[in-house]
Every structure is written in C-alpha cells, then in structure tokens.
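Examining the three-dimensional arrangement
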Number of protein chains: 2
Amino acid sequence: MRITALSGGVGGARFLRGLVKHLDSRDSDEPHELTVIGNTGDDITLFGLRVCPDLDSVLYTLGGGVNESQGWGREDESFAVQAELKALAVEPQWFGLGDRDMGTHIARSLWLGQGQTLTDVTAKLARRWALPEQGVTLLPATNTPIETHVVIADPDSDDPTAERAVHFQEWWVRMQAKTEAKRFTVAGMGQAIPAPGVLEAIRNADLVILPPSNPVVSIGIILGIPGVRDALRGTRAPVVGVSPIIGGAPVRGHADACLRPLGVPVSAAGVAGLYVDFLNGWLVDDVDSDIAIPSGPHRITHRSQPLLMSDTDAASVIAGGAVELGLDLMQARTAP
Amino acid sequence: MRITALSGGVGGARFLRGLVKHLDSRDSDEPHELTVIGNTGDDITLFGLRVCPDLDSVLYTLGGGVNESQGWGREDESFAVQAELKALAVEPQWFGLGDRDMGTHIARSLWLGQGQTLTDVTAKLARRWALPEQGVTLLPATNTPIETHVVIADPDSDDPTAERAVHFQEWWVRMQAKTEAKRFTVAGMGQAIPAPGVLEAIRNADLVILPPSNPVVSIGIILGIPGVRDALRGTRAPVVGVSPIIGGAPVRGHADACLRPLGVPVSAAGVAGLYVDFLNGWLVDDVDSDIAIPSGPHRITHRSQPLLMSDTDAASVIAGGAVELGLDLMQARTAP
C-alpha cells in the first residue's frame, strides 16, 4: 500500500511514528511505502544556518532521536554552541538550538551551499535516521525557499493600523503565538514549485492522509504551493484527515491562534471546511462525533475515536483508524 | 610604548600572553599598546564555516579560554556537533572542532556572510575575550582570503614527479607534517593586501617583536603579503625576534619540516637569515649563544637566555628579554 501524508512538525511526526507502527503491525504480504511531504514554511536561517524545524521533527521522531518531552530537537542535548553565541551577543537567543541539532543544521547548510537541493539534503538526513529501513520517504514540500510570515500590529508604532510582519518562528516561539495574528503571508510562495516527487506521490498514492498537523501554518502552507491542491483534488486515492481540534481546542500547539485570523471556527468541522474540496474521510474525536461536516463538492465520511496522542501506542491506534477509514472508502469505490 | 608583534598560533599566543604579563609588571606611567598582526594563511573553511586557527589561538590564550595542554581550542570542550557531523559522514573528521569553538566559527561565518571584514569580526571576538582591557589590538594580517598550500608528492600517482597541493591544515594536522613538503604556495597571495592598520602598526611602533612563531608558515606568510616586508625594512622601530629554534630543533610544532624545503638550516642562525633584511635584535637560547648571525645590510645584535616557554611566567621572562633588547637598541640609536 502506498500512503502519502502531508505533515507539519511535532504533532505530525508523532502521528507518523504511530502510523509506521500500525503499518508494521498489519498482517500484510505487501510492504508499505509511506511518503511524507513535509512543510518547509517554518524554515528559518539562524546564525547563518538553515533550520528546517518540521522536517527535523519528523526525522528525529521517526529515527528515535527526538527530545520526547518537547517533540522537537534532540534527546540528551547540550547547549555549548548556543552559550558561546550568547557570549558573542549573536541574536536571536529566543531560539534555543542544541549542539547535536546544530550538527544537522551545519551539515544541511554545507550541502545546500554546495548546490544540493533540499530534497537531496533531506534524503541524506533520512538515511542517517534510518527512514528508508522503515519504508518511509521524506520529501520537502518545495525546494523553493519559502517563509511563513505573521502580520501583527506594529508594537513600536503609535498608529493603531500600522503593521509589521515577523517570521513565523519569532511569532510561534518568541511570542508564543500570544500576539494576535492579523494574517499570514508566505514569502516566496509565488515562485514556489512542488519539490520533485511531491505531486507524483499524491497522484499515485493508494491513500492520502492528513495527520493532525496545524491546518493553517503546516498543512495550509503545503496546500498553498501551486499544484498541490489540484493534485489532491485529482488523485484517485481517498484523502483522509485527522482532526487537530478536539472539542474546540487544539490538541497541542496554537492552531486556535492560527484559525482565528482566517475566520475559521476552532472546531473539527471548521478545519474540515478548509479541506472540503478534496477531503473524503475525516477522523474526529469522540467528543466531536456529532459535528456537522460542511458541505462540499462530494460526500465526506466522518468517524470518531479518541484522538489524544498520549504515546506511540495511542498514535498507532489513531493512525490505524485513519487507515481503516481510507480502506473502507477504497472498498466503497470499487464495490459494485 | 607601542609594540607591534607578528604572530602565528600556539607558540606566538603563549609568548604574547607572557608579553602582556611582562608589560603589566613594568613600572611605567605610560600604558602599553600592543598590536598583534595575526597570520591568516592557516585559515580554512570546514563544514562551510570559516576557521582562523591562529587568530583563535591568540584570542583564546589571551582571553583565558584556551585548552592549555594543546594550546588551541577551548577548555572544558564537548564534541557533540562533531559527533553528529560524523554520524552524517561529513568530512573532514581529522580536524576535531569542539562545541564552544564551533560557536566562534558560526559567529565568524555569520558576520563574514553579512559583509563584515575579518578585521571587524576579529575585533568583535577580541572584545568577547577582553583583549582591549589588556591593551591588545588583534589585527588579521590581511582581509584577502589566502590559504597556505603544501606541495607534496602525489601519493596516488605512479609518476614520481607528480605533485599534489594540500591545504596547510591537512598537511599539519592530518599528516602531522610527516609527509615531505616540496614547497609552500599561498593561494590568493598575489591579490592580498594588508588589512587596515597593519602597515601603520609596523610603521608607527616603538618596537616590533617577532615571537617564536613558525618562520615559514606563520611569520613567513605575513611577510609575504605585499607591503609588510617593506614596512618592516622602513620602520624606525627596532625589530627584535625570538628564535623558535633551540639547539637545532623547534621548541614545538614542525618548524624543521617547514625550513627544510626552503634549504634553510634548522638553527637559530638559519631562521635569523630569513629576517636579515629588517632584523635588529635576535634573542636565542643559551645553547645557541655562540651562533654566527648571518650578515646583512645592517648589524643584528643577539642575546641569549633560556627560551623554553614552560609556563606563562617563563614566557613573561622571555618576552621581557625581547623588550629589554629592543629598549637597548632604541637607546643606542638615540645615544650621542
């Protein structure tokens, strides 16, 4: 079975680890192929080094090297480099990069500087984290440098209408998404093209899954890359999503702060509405079992089960629910 | 008193630390100004980061952050970044950079990438290591990227006359200078110009000192930058050197392996011969007190004292000897 997933960082990575566990546990002769299309809108150049937070969370989580408690960065981390940068008054200090993590960014920056694409670089990093052995291919959504910016009220202006755009990471990490976002813009999106393999992975999949990643700044960014949304609309595979909202609040992260500027209700139904043009199945938490799925061009089947990813086993059960929903949708299509 | 010193890495740095200690101990109302012109021929780009081994040895040693036993790199170092680079199969692995040290190289590379000159960058690093508080200004010899290459017999060729050039650091660190050097070449030297302040520091000094640095690949590289040698010939200040050779062998490092390709005897006299056109005073070890100083355009005064820099106190005594020799030469010039 060829599965393609669009993913952000922490939540997506944990879901994918559960998905791999579920797929490994299935009684099947056919090996699975899981292609993950990772968000690159969060990418940022810090200290001259290219950092790809979402791709790295997927790599470290699937590779067993992630800091479990925070869901990003490396376990058993030290911070000698960052301490030295602080001694040198190098900004920003609000983004704490550990030493092992820094090794990833140094290597990535080196390789990109040599002219390798982010696709090439990500494949190298994926080998270091044994993704191929797990049947997983990780693709950046695009090799075009794009950066999600958040437009906020200018804190330094007396003019209440004055605005300022800050990098997504500054808003997310430094401001902890507490400063109201007026809107999101993605620098470079106009020139972005999907990375090699991205559209093919969507078109040729047996099943497309949207993990419970942030629908605006993770999945939403990938969907904004010209061609991706059309590929999702056109694929023969059922597209099954897992709600990142449980009972009106995000499972983790600040999805609510991202949905509000779009005028989208912070609800499982609200998020489904963002995907209504291509979504076939929608997995919600039991507390949301009675949601009214927004109407769209085609029927969206929804099911409910507990969606709290408390550990890898829980994530595996959730992923299993998404896969089952997808298989049932496939079955229904081929039924006489 | 304005003193200008030309310096390489470890040996030069230890001498300079002794010189600062000596100058601080002098009973003088006039504060000293010590300008250090540091060799940049050893500089190398590793992992995409710009590393300046000689400048860093001076910074770390004067700043109290050096790994005392090796004379370069930082004390209390960890190697998490390098371990991650190894896991990613990033070469070279023969140049071990610690995590704190890596912070220096990341900051330097960032600032250079922003368009700052190596002079600017070095001044920032010098502030972090409190060099101004010690009356010390550290100047890179040139802001032009230059790289010392070592021509060796090509180990992969059947042709005994075939040659290969390797970066100085590869020869020095990986090969430990055991592979015979046929000659040294300096990539970029043809376009090199002295960094701002370098020629002025030589011209306007009261005393110029050559620490016991490598005469070929440290001092020799600085002397090769167009204009530097002429400034030394033309300065009114006496130029006093400290021999890096004691009784026919280098105090440390591989000066012998560097002198041989030049056909220069590995002796205190041999090294003095390299400086004969501008040297006024030459401090040698007691075992070399009877050397025959090569003849040149002017008289070279030599003195002897123990030159083994076993610790900072010993270095201070040696530096004091060089300063006294310089003062005596000044005195002799102004004597009626």
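For clarity, every value in this text was computed on a predicted model and none was experimentally measured.

On to the overall build of chain A, then. Summing up its helical and strand segments, chain A has twelve helices and 14 strands in all. For a compact globule of 336 residues, the expected C-alpha radius of gyration is about 20 Å, and chain A comes in at 19 Å, within 12% of that figure. C-alpha extents for chain A along the principal axes are approximately 70 × 50 × 35 Å. Taking contacts inside chain A between residues at least 6 apart in sequence as the whole, the part at least 24 apart equals 68%. Positive and negative charge centroids in chain A, built from 27 and 40 side chains respectively, lie 2 Å apart.

Turning our attention to the interface of chain B and chain A. Where interface size is given, it is often the accessible area lost as the parts come together that is meant. Opposite the 24 residues of chain B that make contact, chain A presents 24 residues. Carbon and sulfur atoms supply 76% of the area buried between chain B and chain A, which totals about 1900 Å² over both sides. When the buried surface of chain B facing chain A is broken down by residue, B:Glu84, B:Leu88 and B:Ile106 rank first, second and third, together holding 30% of it. Counting across the chain B and chain A interface gives four salt bridges. Where B:Arg74 meets A:Glu84, a salt bridge forms, and the shortest distance between an N and an O atom there is 2.8 Å. Connecting chain B to chain A are four residue pairs in polar contact (both at pLDDT 80 or more). Elements that contribute at least two residues to the side of chain B that touches chain A include exactly α3 (80-87), α4 (99-113) and α5 (118-128) of chain B.

On to the packing of helix α1 (residues 10-25) of chain B against helix α12 (residues 312-334) of chain B. All names here are of chain B. At a closest axis distance of 7 Å, the pairing of α1 and α12 adopts a crossing angle of 75°. The angle between α1 and α12 places the two elements in the roughly perpendicular class. Two secondary-structure elements touch here, α1 through Arg 14, Phe 15, Arg 17, Gly 18, Leu 19, Lys 21 and His 22 and α12 through Thr 312, Asp 313, Ala 315, Ser 316, Ile 318, Ala 319, Gly 320, Ala 322 and Val 323. Class assignment of the residues belonging to the contact of α1 with α12 gives a composition of seven nonpolar, five polar and four charged.

Moving on, we come to the pattern of salt bridges. Should the charged atoms of two oppositely charged side chains come close, the side chains can pair. Counted according to the given criterion, the structure contains 36 salt bridges over all chains. Between A:Glu84 and B:Arg128 there is a salt bridge, and its shortest N-O distance comes to 2.8 Å. Of this pair, A:Glu84 sits in helix α3 (residues 80-87) while B:Arg128 is found in helix α5, placing the two residues in two different chains. Judged by relative accessible area, B:Arg128 falls into the partly exposed class, the value being 24%. Measuring nitrogen to oxygen at the nearest pair gives 2.4 Å for the salt bridge that ties B:Arg108 to B:Asp56. On the criterion of sequence distance, the pair formed by B:Arg108 in helix α4 and B:Asp56 in helix α2 (residues 53-63) is long-range, its members being 52 residues apart. Salt bridges sharing common partners tie together A:Arg229, A:Asp230, A:Arg233 and A:Asp277.

So, about the nonpolar core. A:Phe15, A:Leu19, A:Ile106, B:Phe15, B:Leu19 and B:Ile106 are the most contacted members of the largest nonpolar core, which has 114 residues in total. Setting aside its immediate chain neighbours within four residues, B:Phe15 contacts B:Ile209, B:Pro211, B:Pro212, B:Val242, B:Met309, B:Ala315, B:Ile318, B:Ala319 and B:Ala322.

What follows is about the sheet that holds strand β7 (residues 163-167) of chain A. Residues and elements named next belong to chain A. The three strands are arranged β7-β6-β8 in an open sheet whose pairing can be described as antiparallel. Edge positions in the open sheet fall to β7 and β8 (183-187), since each of these has one partner strand only. Each adjacent strand pair in this sheet contributes to an overall mean axis angle of 35°, direction not counted. Pairing between strand β6 (residues 147-153) and β7: five bridges, direction antiparallel. Across the sheet, the residue bridging to His 149 is His 167, located in β7.

Residue and element names in this part refer to chain A. The domain architecture assigned to chain A consists of domain 1 (2-44 + 54-63 + 117-143 + 193-334) and domain 2 (147-190). Relative to domain 2, the C-alpha centre of domain 1 lies at a distance of 26 Å. Contacts between the two partners involve 17 residues from domain 1, matched on the other side by 15 residues from domain 2. When domain 1 packs against domain 2, the two sides together hide about 1200 Å² of surface, and 71% of this comes from carbon and sulfur. Viewed at the interface, domain 2 and domain 1 are joined by zero salt bridges. In this structure, the connection of domain 1 to domain 2 is made through three residue pairs in polar contact (both at pLDDT 80 or more). Secondary-structure elements contributing two or more residues to the side of domain 1 that touches domain 2 are α8 (219-224) and α10 (255-259). Among the residues making up the side of domain 1 that touches domain 2, the classes are represented as ten nonpolar, five polar and two charged.

A few words on α2(B). Residue and element names in this part refer to chain B. Of all eleven residues in α2, ten are buried, a share of seventy percent or more. Here α2 has its buried residues at Pro 53, Asp 54, Leu 55, Asp 56, Ser 57, Val 58, Leu 59, Tyr 60, Thr 61 and Leu 62. Residue Gly 64 follows α2 closely and has a positive phi angle near 80°.

Take the sheet that holds strand β9 (residues 207-210) of chain A next. All names here are of chain A. Taken in spatial order, the seven strands make up an open sheet running β5-β2-β1-β9-β10-β13-β14, and their pairing is parallel. On the outer flanks of this sheet lie β5 (136-140) and β14 (301-304), each paired with one strand and no other. When the angles between neighbouring strand axes are averaged without regard to direction, this sheet yields 20°. Across the sheet, helix α2 (residues 53-63) lies against β1 (2-7), β2 (33-38) and β5, angled at about 165° from β5, the strand it touches most.

With that settled, consider the relation of the copies chain B and chain A. Copy one and copy two of the chain differ by a rotation about a common axis and a shift along it. Mapping chain B onto chain A is achieved by rotating through 180° and translating by 0.0 Å along the same axis, at an RMSD of 0.0 Å. Taken together, the rotation angle and the small translation identify this as a two-fold axis. The position closest to the rotation axis in chain B is occupied by the C-alpha of B:Asp99, lying 3.4 Å away. A shared interface surface links the copies, since 100% of the contact residues of chain B are contact residues in chain A too.

The subject of this paragraph is the packing of aromatic side chains. Under the counting rule described, the total for this entry stands at 16 aromatic pairs over all chains. Through pairs of rings, three or more aromatic residues link up here, namely A:Phe168, A:Trp171, A:Trp172 and A:Phe184. Over the face of the ring belonging to B:Tyr60 we find B:Arg74, whose NZ or CZ atom lies 5.5 Å from the ring centre. Just above the ring of B:Trp129 sits the side chain of B:Arg128; from NZ or CZ to the centre is 3.8 Å.

Conventions used here
Residues numbered from 1 in each chain as written. Chains lettered and ligands numbered in written order. Predicted model: local features only at pLDDT ≥ 70, side-chain atom pairs only at ≥ 80, totals over all residues. Heavy atoms only, no water. Helix = DSSP H or I, 4+ residues; strand = E, 2+ residues; numbered from the N terminus. Rg over C-alpha atoms; globule rule 2.2 N^0.38 Å. Contact = heavy atoms within 4.5 Å. Lys, Arg positive; Asp, Glu negative; His and termini not counted. Charge placed at Lys NZ, Arg CZ, Asp CG, Glu CD. Buried area = accessible area lost by both parts, 1.4 Å probe. Salt bridge = Lys/Arg side-chain N within 4 Å of Asp/Glu carboxyl O. Polar contact = N/O pair within 3.5 Å; in protein donor to acceptor, adjacent residues only side chain to side chain. Axes fitted to C-alpha atoms, helices over the stretch in contact; angles between N-to-C directions. Parallel < 35°, antiparallel > 145°, perpendicular 65-115°, else oblique. Nonpolar A, V, L, I, M, F, W, Y, C, P; charged D, E, K, R; others polar. Buried < 20%, exposed > 50% of the residue type's maximum accessible area, 1.4 Å probe, protein only. Core = buried A, V, L, I, M, F, W, Y, C linked by side-chain atoms within 4.5 Å. Pairing = 2+ DSSP bridges. Domains from an automatic or database assignment. Least-squares fit on C-alpha atoms with pLDDT ≥ 70 in both. Phe/Tyr/Trp six-rings, centres within 6.5 Å; stacked < 30°, edge-to-face > 60°. Lys NZ or Arg CZ within 6 Å of the ring centre and 35° of its normal.

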